[in-house]
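Here's the letter readout for the chains.
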Amino acid sequence: MATNNAKASNAKKKEVKKETKLGLTYKKDENFGEWYSEVVVSSEMIEYYDISGCYILRPWTMAIWETLQVFFDAQIKKMNIKNAYFPLFVTENVLQKEKDHIEGFAPEVAWVTKSGQTDLEVPIAIRPTSETVMYPYFSKWIRGHRDLPLKVNQWCNVVRWEFSHPTPFIRSREFLWQEGHTAFATKAEADEEVLQILELYRRIYEEFLAIPVIKGQKSELEKFAGGLYTTSVEAFIPNTGRGIQGATSHCLGQNFAKMFQINFENDKGEKAMVWQNSWAYSTRTLGVMVMVHGDDKGLVLPPRVASIQVIVIPVPYKDADVTAIKAACETTVQTLSNAGFSAELDTRENYSPGWKYSHWEMKGVPLRIEIGPKDLEKNQVRVVRRDNGAKIDVPVNDLVEKVKELLGSIQESLFNAAKEKRDACIKVVNTWDEFIAALNDKNMILAPWCDEEEVEKDVKARTKGELGAAKTLCTPFDQPRLAEGTLCFASGKPAKKWTYWGRSY
Ligand code: 87F
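Numbers given for residues are sequential positions, taken from 1 along each chain in its written order. Local features in this predicted model are restricted to residues of pLDDT 70 or higher, and side-chain atom pairs are both shown and tallied only at a pLDDT of 80 or more, whereas totals for entire chains, interfaces and linings draw on every residue. Hydrogen atoms and water are omitted, and side-chain values are computed over all heavy atoms in the structure.

**Quick word on the overall build of the chain**
(1) Moving on: Runs of E in the DSSP output that reach at least two residues are strands. Runs of H or I that reach at least four are helices, and both are numbered from the N terminus. Within the chain one finds 15 helices and 23 strands.
(2) Moving on: Taken along its principal axes, the extent of the C-alpha atoms in the chain is 95 × 55 × 50 Å.
(3) Moving on: Buried residues are those whose accessible area, probed at 1.4 Å on protein chains only, stays under 20% of the maximum for their type, while exposed residues exceed 50% and partly exposed ones sit between those limits. In the chain, which comprises 505 residues, the proportion classed as buried is 50%.
(4) Moving on: Here, residues are in contact when the closest pair of their heavy atoms is within 4.5 Å. Considering only residue pairs separated by 6 or more positions, the chain has 68% of its internal contacts joining residues 24 or more positions apart.
(5) Moving on: By element, 50% of the accessible surface of the chain is carried by carbon and sulfur atoms, the whole surface being about 24,400 Å².
(6) Moving on: With 66 positive and 68 negative side-chain charges, the chain shows a separation of 2 Å between the mean positions of the two kinds. Shrake-Rupley sampling with a 1.4 Å probe provides the accessible areas, and residues are treated as covered by the protein chains on show and by no other component. We treat Lys and Arg as the positive residues and Asp and Glu as the negative residues; His and chain ends play no part in the count. Charge positions are represented by NZ for Lys, CZ for Arg, CG for Asp and CD for Glu.

What follows is the structure, given as C-alpha cells:
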C-alpha cells in the first residue's frame, strides 16, 4: 500500500513536472542575443508577431510602461505641459516641408497607398515622429507673446520601417513613446526646459529602472539634424560592450519656426520667431532594463516598476495542514496589500511549488514568500530575494517592515551592481592604440577630442567592421579636468573636451 501511494505520488509529481519546460536554453554570458530573445518571451513580456520587427507588448510589459508613464506624466503636468493627441497620418506635402530633417530618414517612412483595392489619390505617411504633424498648428495657435509658452505632449505610437536587425523594445518598427513639443519666446526658457526634461529621463532610468546613465550632449554629427543641439541620457550594455541612447531632449532652435512660420508679436510689438524643443523616451527603456538586470533565470525587475513585488507560494508538502497554510498565505497577501505593496498569491494546484518558483523567477518578481508547515509552526515566513537568491526567515510580526527594507535594498543593489559593471567598462584613453585596445575589449571610452566632425567621421571609417563602427556617444556635462596641452586621441590636435565613444545600438 505504502509503495502504491509512493508510486501514485511520484506519478503525480511527474505529471506536474511535465506541464511545461521552464528555464532558459541560453546563458546571458554565452549567447547574449539568443538569451535576450528568450527572456523577453519566456517572462511573458513580448510575443512575436507575424510581421518582422513588430511585437505584442503583453500585460507584464504594459504594467511597467504605465508605471513610468504615471511618473513622467505627473512630472510634466507640474511643468504645465498639456497632453494632446495629433493624427497618425501625415500628407507627403507636409512631411517633406522640412527637407533637411526628413532627408536621411526618408527610407524609414511607411506609406498608406490604398483603401480597399483603390489607390489613394495621394499616398499618406504614417508618423515617424510628429514635428511636421504638429507645427503647422503651432503656427496657427501662436499669435502673440501671450500665447507662449505653448507646451504639449502626446503619448502615442510611431512607425519607423527599420531595415537593420530588429530587436524587441530596442529596435522595433512600431513603438510607443511620449513626444513633447514646446515653443517659447526666448532661447533661455527653451534651454532651461531641455535640462529639466533630461533630468526626468535620468530619474526614469536611475530611480525607477535602476540603470545608471550619463547625461551629456550629442556631437554635431550625432545630434538631431533638424535641431540646434541634442542632449541625451546614455546607458551601457556590458555584455555587448555597446552604448545605448536612453532618451533625448533637443533644443530645436528656430529652424522649424522658420520652416513653419511659427511667429509671434513680442511684448514690444515686434514680429519674432519662437524657440522650440522636442523630447522623447520610448519603450526602448524596457529593453535596456531587461538587458542590464536579467540573468540566467530570466527577468529581474526593480521593485519600483514590478507590477507584482511579492509573490506568495504555499508549500504544502507531506501531511501538511493545507487549509492552515492557505489561510496563512492569504493573510500574508492581505497584510502586504494593506501596507501598500503589490502582493499576489499563486494558488494554482496543477503546478508544484518548485515550478512556481521558477516561473516567478523567470518573470523577475523581486520577492518570493514561501509558507510551509515549519513556517506555520514557527509563526514565520520564508522570504527569497530574486536578485541574489538570499533566503531570510521573517517572523510574521515583522513582515511589513522587513519587506519594505528588502524591496528598498533590492532596488539599491540592482542600481549599484549595474553601476559597478558599467564603471568597470569605462576606460579613459589618451592615444589611438589605447582607444582600439579598449574598443576591442567592449568598453565605453572616455577620450580627449578636438571636437572636429572630420575626425569623428575618420574614427568611424577606421573602426568600421563586422561589429559596427565606433562613434561618439556623448560629451558628458560632468567633465573631468582637461589638462592644458592635452591632445585629441584621434587627430593629435589640441583637445577641446572629454567625450564618450563606443559601439552602440
Ligand atoms: C524617421 C523617419 C522620419 C528620427 C525619423 O528625437 C523622421 C525621423 O525626424 C525623425 N527618425 N527622427 C528624429 C526625431 C526627432 C525628435 N522628434 C520628437 C525626437 C524627440 C521627439
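Next comes the rest of the account.
**Considerations on the site of the ligand**
(1) Moving on: For the ligand, the set of nearby residues contains 17 residues, the closest of which are His101, Phe105, Thr129, Glu131 and His250.
(2) Moving on: A distance of 2.6 Å separates a nitrogen atom of the ligand from a polar atom in the side chain of Glu131.
(3) Moving on: The separation between a nitrogen atom of the ligand and a polar side-chain atom of Arg160 is 3.3 Å.
(4) Moving on: Contributions of two or more residues to the shell around the ligand are made by helix H5 (99-103), strand S8 (174-184), strand S11 (242-253) and strand S14 (275-282).
(5) Moving on: Counting residues per element, the shell around the ligand draws most heavily on S14, at three residues.
(6) Moving on: All residues other than Ala, Val, Leu, Ile, Met, Phe, Trp, Tyr, Cys, Pro, Asp, Glu, Lys and Arg, Gly among them, are scored as polar; the first ten of these are nonpolar and the last four charged. For the shell around the ligand, the per-class residue count stands at eight nonpolar, six polar and three charged. Nearness is judged by heavy atoms alone; a residue qualifies as near a molecule or strand once a single heavy atom is within 4 Å of it. What qualifies as a polar contact is a pair of N or O atoms within 3.5 Å, subject to a donor-acceptor requirement within protein and to the restriction that residues adjacent in sequence count only when both atoms come from side chains.

**A closer look at the packing of helix H2 (residues 32-42) against helix H9 (residues 284-293)**
Any two packed helices are characterised by how steeply their axes cross, that is the angle between the axes, and by the distance between the axes.
(1) Moving on: It is the contact of H2 with H9, at a shortest axis distance of 11 Å, that shows an interaxial angle of 115°. When the axes of H2 and H9 are compared, the crossing they make is right-handed. Contacts between H2 and H9 involve Phe32, Trp35, Tyr36, Val39 and Val40 from the former and Gly287, Val290 and Met291 from the latter. Angles here are taken between N-to-C directions and fall from 0 to 180 degrees, while the axes themselves are lines fitted to C-alpha atoms, restricted in helices to the stretch in contact. Left-handed is the label given to a crossing in which the near helix is rotated counterclockwise from the far helix by less than a right angle, and right-handed is the label when the rotation is clockwise.

**Some thoughts on the sheet that holds strand S16 (residues 343-345)**
(1) Moving on: Spatially, the five strands line up as an open sheet ordered S16-S15-S17-S18-S19, and their pairing is mixed. The two strands at the open ends of the sheet, each matched to only one other strand, are S16 and strand S19 (391-395). On average, adjacent strands in this sheet sit at an angle of 25° to one another, irrespective of strand direction. Here a strand pair is declared whenever DSSP counts at least two bridges between the two strands.

**Details of the sheet that holds strand S4 (residues 89-91)**
(1) Moving on: If you trace the three strands from one edge of the open sheet to the other, you get S4-S6-S5, paired in antiparallel fashion. Two strands bound the open sheet, and with one partner strand each, they are S4 and strand S5 (111-115). Within the sheet, the average angular offset between the axes of one strand and its neighbour, ignoring direction, is 50°.
(2) Moving on: Sheet topology places S5 next to strand S6 (residues 118-126); four bridges connect them, and they run antiparallel. Considered in S6, the bridge of Ser115 is made with Thr118.

**Description of the nonpolar core**
(1) Moving on: Met45, Phe72, Tyr201, Tyr281, Val288 and Met289 are the most contacted members of the largest nonpolar core, which totals 57 residues.
(2) Moving on: Apart from residues no more than four positions distant in its own chain, Tyr201 is found in contact with Phe72, Gln178, Val233, Ala247, Thr248, Ser249, Trp279, Ala280 and Tyr281. What makes a nonpolar core is a set of buried Ala, Val, Leu, Ile, Met, Phe, Trp, Tyr and Cys residues whose side-chain atoms join them at distances within 4.5 Å.

**Details of unusual backbone geometry**
(1) Moving on: That bond from Leu148 to Pro149 is cis: its omega, -5°, falls within 30 degrees of zero.
(2) Moving on: With respect to the helices, strands and loops of the structure, Pro149 is situated in the loop between helix H6 (131-141) and strand S7 (150-159).
(3) Moving on: Phi at Phe169 is positive, roughly 70°, even though this residue is not glycine.
(4) Moving on: Here Phe169 lies in the loop between S7 and S8.
(5) Moving on: A relative accessible area of 4% places Phe169 in the buried class.

**Quick word on the pairing of strand S9 (residues 214-217)**
(1) Moving on: Where burial is concerned, the two faces of S9 differ: the one with Ile214 and Gly216 is buried and the one with Lys215 and Gln217 is not.
(2) Moving on: In this structure, S9 lies alongside strand S10 (residues 229-237), joined through four bridges in antiparallel fashion. Residue Gln217 lies in a different strand from S10, and its bridge partner there is Thr231.
(3) Moving on: The pairing of S9 with strand S22 (residues 471-476) spans two bridges and is classified as antiparallel. The residue of S22 that forms the bridge with Gly216 is Pro476.

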